[in-house]
Amino acid sequence: QVQLVESGGGLVQPGGSLRLSCVASGRILSTATMGWYRQAPGKQRELVTTITSVGGTNYADSVKGRFTISRDNAKNAVWLQMDSLKPEDTAVYYCNLHQARQWIPIDYWGQGTQVTVSS
């Protein structure tokens, strides 16, 4: 099993910054991809960004140029630096770890951390 613990959410004014952290523990493969998803009230969970074990990144168009994902494989940790935040970034942010065992893909999720962008 894999456990993910997030931290760093909160309330910030438009244009401000926040940094989310996520640490994974358990049976983690070296090939695991980590990432962040978010879910706003009344909406489906959506991809924000992912990072592979070798540093390849993918961003949703809505956050490109404003958010940056980074990772430390030795610590099984991933961070999300969020700059130039907008009210529409308000959501619960979930850390995700995706890996495959015997070709069976498995997703693990953190408990979520609230990010609110408001004046």
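Presented here is an overview of the structure given in this document. It should be emphasised that the depicted structure is a prediction, and the values quoted were computed from it without experimental measurement. (Residues numbered from 1 in each chain as written. Predicted model: local features only at pLDDT ≥ 70, side-chain atom pairs only at ≥ 80, totals over all residues. Heavy atoms only, no water.)

### Section: the packing of aromatic side chains
- One pass over the structure, following the stated rule, counts one aromatic pair.
- Judged by centre distance (5.0 Å) and plane angle (75°), the rings of Tyr37 and Trp109 are edge-to-face. Of this pair, Tyr37 sits in strand β4 (residues 33-39) while Trp109 is found in strand β10 (residues 104-109), placing the two residues 72 residues apart along the sequence.
- Residue classification places Trp109 among the partly exposed positions, given a relative accessible area of 36%.
- One Lys or Arg, Arg45, reaches over the ring of Tyr94 and ends 3.8 Å from the middle of that ring. (Phe/Tyr/Trp six-rings, centres within 6.5 Å; stacked < 30°, edge-to-face > 60°. Helix = DSSP H or I, 4+ residues; strand = E, 2+ residues; numbered from the N terminus. Buried < 20%, exposed > 50% of the residue type's maximum accessible area, 1.4 Å probe, protein only. Lys NZ or Arg CZ within 6 Å of the ring centre and 35° of its normal.)

### A word on the sheet that holds strand β1 (residues 2-7)
- The strand order β1-β3-β8-β7 describes an open sheet built from four strands, whose pairing is antiparallel. Strands with a single pairing partner mark the edges of an open sheet, and in this sheet they are β1 and β7 (67-72). Between one strand axis and the next, the sheet turns by 15° as a mean value, whatever way the strands run.
- Sheet analysis places strand β3 (residues 18-26) next to strand β8 (residues 77-82), joined by six bridges and oriented antiparallel. When the sheet's bridge partners are listed, Arg19 is paired in β8 with Gln81. (Pairing = 2+ DSSP bridges. Axes fitted to C-alpha atoms, helices over the stretch in contact; angles between N-to-C directions.)

### Remarks on the nonpolar core
- With 28 residues, the main nonpolar core has Leu4, Trp36, Met82 and Tyr93 as its most contacted residues.
- Of all elements in the fold, only β1, β3, β4, β5 (46-51), β7, β8, β9 (91-101) and β11 (113-117) reach the threshold of two or more residues within this core.
- Discounting chain neighbours no more than four positions away, the residues touching Met82 are Gly16, Ser17, Leu18, Leu20, Arg66, Phe67, Tyr93 and Val115. (Core = buried A, V, L, I, M, F, W, Y, C linked by side-chain atoms within 4.5 Å. Contact = heavy atoms within 4.5 Å.)

### Some remarks on the pattern of salt bridges
- Scanning the model with the defined rule gives four salt bridges in all.
- Arg38 is the partner of Glu46 in a salt bridge, and the nearest nitrogen-oxygen pair spans 2.7 Å.
- Residue Glu46 is classed as partly exposed on the basis of its relative accessible area, which comes to 38%.
- Exposure remark for Arg38: the relative accessible area of 6% places this residue in the buried category. (Salt bridge = Lys/Arg side-chain N within 4 Å of Asp/Glu carboxyl O.)

### A word on the environment of Val23
- Looking at the element boundaries, Val23 is found in strand β3.
- Sequence separation of Val23 and Glu88 is 65 residues, and the distance between their C-alpha atoms is 26 Å.

### Structural notes on the environment of Ala60
- Of note, Ala60 is situated in the loop between β6 (57-59) and β7.
- Note on Ala60: relative accessible area 18%, which makes it buried.
- When the C-alpha positions of Ala60 and Tyr37 are compared, they lie 9.8 Å apart, and in sequence the two are 23 residues distant.
- Leave out the neighbours within four places in its chain, and Ala60 touches Leu47 and Val48.

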